[in-house]
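# Fold and contact review
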Amino acid sequence: MRTFTFLGPDTVSVVVAMNGSQQMADGTNIGTWYFREGTGLGFNGDRTIPSPVIELTEGQNAAITLTSNRPHSIHLHGLDVNQANDGVPTTSGYVATSVPMDGFGRVQGYTRLNSPFTYAFVAPQAGSYMYHCHIDTALHMERGMAGMIIVRPPDGNTEEVWAGGPTFDKEYIWHLHTIDSSWHTVQVSDTTLNRYRPDYFLINGKNGSQIDTDPATAITAAAGDRVLIRAINVGYQPALVKFGGLSFDVVSSDGRPLASTLTALTELWVTSGERYDIILTMPAATDVTASVEYWNVRMAAILGTATAPVVEDPTLFADGFESGDTTRWSNSVE
Ligand SMILES: [Cu+2]
């Protein structure tokens, strides 16, 4: 169903690739940095952003081990972990070039290059979270060092947002991100980064017509199916998400259930660092185009838009089972 890799269960080994290359719809190859699963260093051949999904279960004792030959960290954005495991450098664990100074409230939670650092925590309440590198953050996140963390309910249920919470039949992740290609020619922050002028507008690392055929993003479901879309904005633009006029509900925000579900929305702002869990019930005979508008709110201007099809597939049975096909979660869209 997705192009992402699920990691887990208890110990996740993550390395950093700084030689990624992402081909955009216009043929341009954009250099990327990203986290990937593995224990060795270097390039694994997938060359993709976003970074992989880390999937955990509520209450699980989780450990994420980061190995890198350059300074990086994993910040557990929105997860209630203690400071040493939060991944914000100087007060928390990271992979350092040299041993940092002690004092000033710093913790000695760092390792040298190529020496793994382990972030240990108890997976919090079920919901949608994110992780990203917190070293030279503006550049490293933009380069692709960000991904989603999904915490499942304690029983591991993959059809319930949280224990006793809303149910769903199909699940999508919409990782919202923009790229300023001029930022992808520098190795460390410099004056190039004084301005952010995105020229690629992505969902799940793809742009333009690439999205139409990306089974991780293009929404197909049977009429009546409840489709969960976990929207996560790792970019620097507020994103206005619409599903072609279809109405939808929002059940949780930033990993927490809403006190009351927002119902019958037709658009939703998702700003930087936010996550929303959206449930769209697929109407019969649907064939519409969803859109993600990336805004410069100060200028009241849309900088760019990513679009994706939302289609009711009559060959699918309700509840997500495909007709004559038992490979329920492996999408066969060409
Ligand atoms: Cu980094």
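Values in this document were obtained by computation on a predicted structure and should not be read as measured data.

The subject of this paragraph is the overall build of the chain. Scanning the chain from N- to C-terminus turns up one helix and 21 strands. Each of the 334 residues in the chain was classed as buried or not, and the buried ones make up 54%. Sequence-distant contacts, at least 24 apart, represent 68% of the contacts inside the chain between residues at least 6 apart. Working note: accessible area of the chain is about 13400 Å², and carbon and sulfur atoms make up 51% of it.

Residues Phe35, Ile74, Leu76 and Ile149 are the most contacted members of the largest nonpolar core, which totals 34 residues. In contact with leucine 76, not counting residues within four places along its chain, are Ile64, Val81, Asn85, Asp86, Tyr119, Phe121, Met130, Tyr131 and Ile149.

Turning next to the coordination of the copper ion. His72 (ND1), Cys133 (SG) and His140 (ND1) make up the full set of protein donors to the copper ion, lying at 2.0 to 2.1 Å. In primary-sequence terms, the residues that donate to the copper ion follow H-x60-C-x6-H. Of this pair, histidine 72 sits in the loop between strand 4 (61-67) and strand 5 (75-77) while cysteine 133 sits in the loop between strand 9 (127-132) and helix 1 (137-143), placing them 61 residues apart in sequence. Residue histidine 72 is classed as buried on the basis of its relative accessible area, which comes to 0%. The class of cysteine 133 is buried, set by a relative accessible area of 0%.

Take the sheet that holds strand 4 next. The strand order 2-1-4-8 describes an open sheet built from four strands, whose pairing is mixed. Of all strands in the sheet, those with a lone pairing partner are strand 2 (29-37) and strand 8 (117-122), marking the two edges. Taking each pair of neighbouring strands and ignoring which way they run, the sheet shows an average axis angle of 25°. The pairing of strand 1 (residues 11-23) with strand 2 spans eight bridges and is antiparallel. Along strand 2, the bridge assignment pairs valine 15 with arginine 36.

Below, the discussion takes up the environment of leucine 139. With respect to the element layout, leucine 139 can be found in helix 1. Residue classification places leucine 139 among the buried positions, given a relative accessible area of 0%. When the C-alpha atoms of leucine 139 and histidine 184 are compared, they prove to be 8.6 Å apart, with 45 residues separating the residues in sequence. Those residues in contact with leucine 139 that lie beyond four places of it in its chain are Trp33, Trp183, Val186, Gln187, Val188, Ser189 and Leu193.

Our next topic: the packing of aromatic side chains. Within the structure shown, the criterion is met by nine aromatic pairs. For the ring pair tryptophan 269 and tryptophan 295, a centre distance of 5.6 Å and an interplane angle of 65° mean the geometry is edge-to-face. Pair noted here: tryptophan 269 is in strand 18 (residues 267-270) and tryptophan 295 is in strand 20 (residues 287-296), with a separation of 26 residues, a long-range link. Taking the relative accessible area as the measure of exposure, tryptophan 295 reaches 19% and is therefore buried. Counting every residue linked through ring pairs, the aromatic cluster contains Trp174, Phe243 and Phe248.

The next point concerns the side chain of histidine 72. Separated by 3.2 Å, the side chains of histidine 72 and histidine 140 make a polar contact. Dropping the residues within four chain positions of it, histidine 72 is found in contact with Val16, Met18, Leu66, Tyr94, Val95, Cys133, Ile135, His140 and Met145.

Moving on, we get to the sheet that holds strand 18. The strand order across the open sheet formed by five strands is 13-21-20-15-18, and the pairing between neighbours is mixed. Each of the sheet's edge strands pairs with one partner strand only, and the pair in question is strand 13 (219-221) and strand 18. Here the average twist between neighbouring strands, direction ignored, is 20°.

Attention shifts here to the pairing of strand 11 (residues 170-179). Most of strand 11 is tucked away, with ten of its ten residues classed as buried. Going residue by residue along strand 11, you find Lys170, Tyr172, Trp174, Leu176 and Thr178 tucked away on one face and Glu171, Ile173, His175, His177 and Ile179 tucked away on the opposite face as well. Here strand 11 runs beside strand 14 (residues 226-233); their pairing, made up of seven bridges, is parallel. Bridging from a neighbouring strand, tryptophan 174 pairs with alanine 231 of strand 14.

A separate point is the pairing of strand 1. In terms of strand pairing, strand 1 meets strand 4 through five bridges, oriented parallel. Bridging across to strand 4, threonine 11 finds its partner in alanine 63. Here strand 1 folds back onto strand 2 in antiparallel fashion, the turn holding five residues, of which glycine 27 has a positive phi close to 95°.

Right, let's get into the confidence of the model for the chain. Taken over all residues, the pLDDT of the chain has a mean of 85, while the share at 70 or more is 85%. Confidence over residues 1-6 falls short of pLDDT 50; this stretch has 26 contacts with residues more than four positions distant or in other chains. Within the model, pLDDT remains below 50 along residues 320-334, and this stretch shows 29 contacts once partners closer than five positions in the same chain are excluded.

It is worth spelling out the side chain of histidine 177 at this point. Here histidine 177 lies in strand 11. A polar side-chain atom of histidine 177 sits 3.0 Å from the main-chain carbonyl oxygen of glutamate 142. With residues near it in sequence (within four places) discarded, histidine 177 still touches Ile49, Met141, Glu142, Gly144, Tyr200, Phe201, Leu202, Val234, Gly235 and Tyr294.

About the thresholds
- Residues numbered from 1 in each chain as written.
- Predicted model: local features only at pLDDT ≥ 70, side-chain atom pairs only at ≥ 80, totals over all residues.
- Heavy atoms only, no water.
- Helix = DSSP H or I, 4+ residues; strand = E, 2+ residues; numbered from the N terminus.
- Buried < 20%, exposed > 50% of the residue type's maximum accessible area, 1.4 Å probe, protein only.
- Contact = heavy atoms within 4.5 Å.
- Areas by Shrake-Rupley, 256 points an atom, 1.4 Å probe, with all protein chains shown as cover.
- Core = buried A, V, L, I, M, F, W, Y, C linked by side-chain atoms within 4.5 Å.
- Donors = N, O, S within 2.8 Å, 3.2 Å for Na, K, Ca; no water.
- Pairing = 2+ DSSP bridges.
- Axes fitted to C-alpha atoms, helices over the stretch in contact; angles between N-to-C directions.
- Phe/Tyr/Trp six-rings, centres within 6.5 Å; stacked < 30°, edge-to-face > 60°.
- Polar contact = N/O pair within 3.5 Å; in protein donor to acceptor, adjacent residues only side chain to side chain.
- pLDDT = per-residue confidence, 0-100.

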